[in-house]
Amino acid sequence: MSLLVLAAAVFVGIIAAAADPAAAGRTFLALGAGCGLLAALSVATGHKQAAWLGGLAALAFLCVGAIAVFGT
């Protein structure tokens, strides 16, 4: 289930960035925080693969969001 939520977060991030490029950085930062929370919940429930993927997705979203916010 958490992998489905990760896929939905990536899909929502792409659509949100295309719809409003000015707010893409904040959107990616929010999605990164959400994926980090999902990774923490996956660790707590013992789902190692979902925790790794959630953590990597959170790092990717936070890096892209930080570049979008602070790079311009």
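Values in this document were obtained by computation on a predicted structure and should not be read as measured data.

Cut-offs applied
- Residues numbered from 1 in each chain as written.
- Predicted model: local features only at pLDDT ≥ 70, side-chain atom pairs only at ≥ 80, totals over all residues.
- Heavy atoms only, no water.
- Core = buried A, V, L, I, M, F, W, Y, C linked by side-chain atoms within 4.5 Å.
- Buried < 20%, exposed > 50% of the residue type's maximum accessible area, 1.4 Å probe, protein only.
- Helix = DSSP H or I, 4+ residues; strand = E, 2+ residues; numbered from the N terminus.
- Contact = heavy atoms within 4.5 Å.
- Patch = residues over 30% accessible without salt bridge, like charges linked within 9 Å, V, L, I, M, F, W, Y side chains within 5 Å.
- Areas by Shrake-Rupley, 256 points an atom, 1.4 Å probe, with all protein chains shown as cover.
- Salt bridge = Lys/Arg side-chain N within 4 Å of Asp/Glu carboxyl O.

**Some details on the nonpolar core**
- Formed by L6, A9, A17, A24, F28, L31, C35, L38, A57, A58 and F61, the largest nonpolar core amounts to 11 residues.
- Sorting the residues of this core by element identifies α1 (2-19), α2 (24-45) and α3 (48-70) as the ones contributing at least two each.
- Among the elements that take part in this core, α2 stands out by supplying five residues, more than any other.
- Setting aside residues up to four positions removed in sequence, L31 forms contacts with A9, V12, G13 and F61.

**So, a nonpolar patch on the surface**
- Where nonpolar side chains cluster on the molecular surface, the patch consists of L3, L53, L56 and L59 and spans about 360 Å² of accessible area.
- Here the nonpolar patch takes three residues from α3, the largest share from any one element.
- By the secondary structure assignment, L53 is in helix α3.

Structural measurements only, silent on function.
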